[in-house]
Amino acid sequence: MNSPKSIPPKPMFTASELVSDKKYCVIKNFTDYYGRTHPIGECWKFAEKHFLPYEDGLTLHCQKDGQDFSIHLQWQEETQGEIIDNFYLYVQEVENQQE
């Protein structure tokens, strides 16, 4: 008797757990601290993060099309806390492709 293949669960991760030099693509629109929308299909390579504890600020430093840019988030319930805590719902790691 053949049993259906089980689909592995999607790995859960927060925005603070991204891996340097990995490429990520947005799979659900989100808006950062400064009101910039990151649309589905936006892809970038993650470089590093910085956390400012007194403001609960999380800055993700990335590269897209050879240009450095940052995504600013605030780890508070009334701002981007839900996005940070559930970043796996918003971005997905992809195989590094030619940029």
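1. Thoughts on the pattern of salt bridges
Link 1 in the chain: Here the structure, examined in full by the defined rule, presents three salt bridges.
Link 2 in the chain: Measuring nitrogen to oxygen at the nearest pair gives 3.6 Å for the salt bridge that ties Asp32 to Arg36.
Link 3 in the chain: For Asp32, a relative accessible area of 2% corresponds to the buried category.
Link 4 in the chain: On the basis of relative accessibility, which here comes to 43%, the residue Arg36 falls in the partly exposed class.
Link 5 in the chain: Between Lys64 and Glu42 there is a salt bridge; the shortest N-O distance is 3.9 Å. Of this pair, Lys64 sits in strand E5 (residues 57-64) while Glu42 sits in the loop between strand E3 (37-38) and strand E4 (43-52), and the two are 22 residues apart along the sequence.

2. Focus on the nonpolar core
Link 1 in the chain: Ranked by internal contacts, the top residues of the largest apolar core, which has 19 residues, are Leu18, Phe30, Trp44, Leu60, Leu73, Phe87 and Val91.
Link 2 in the chain: Broken down by element, the residue count for this core peaks at three residues, all from E5.
Link 3 in the chain: Sequence-distant contacts of Phe87, that is, excluding residues within four places in its chain, are made with Phe13, Thr14, Ala15, Leu18, Phe30, Trp44, Leu60 and Leu73.

Reading the values: rules and limits
Residues numbered from 1 in each chain as written. Predicted model: local features only at pLDDT ≥ 70, side-chain atom pairs only at ≥ 80, totals over all residues. Heavy atoms only, no water. Salt bridge = Lys/Arg side-chain N within 4 Å of Asp/Glu carboxyl O. Buried < 20%, exposed > 50% of the residue type's maximum accessible area, 1.4 Å probe, protein only. Helix = DSSP H or I, 4+ residues; strand = E, 2+ residues; numbered from the N terminus. Core = buried A, V, L, I, M, F, W, Y, C linked by side-chain atoms within 4.5 Å. Contact = heavy atoms within 4.5 Å.

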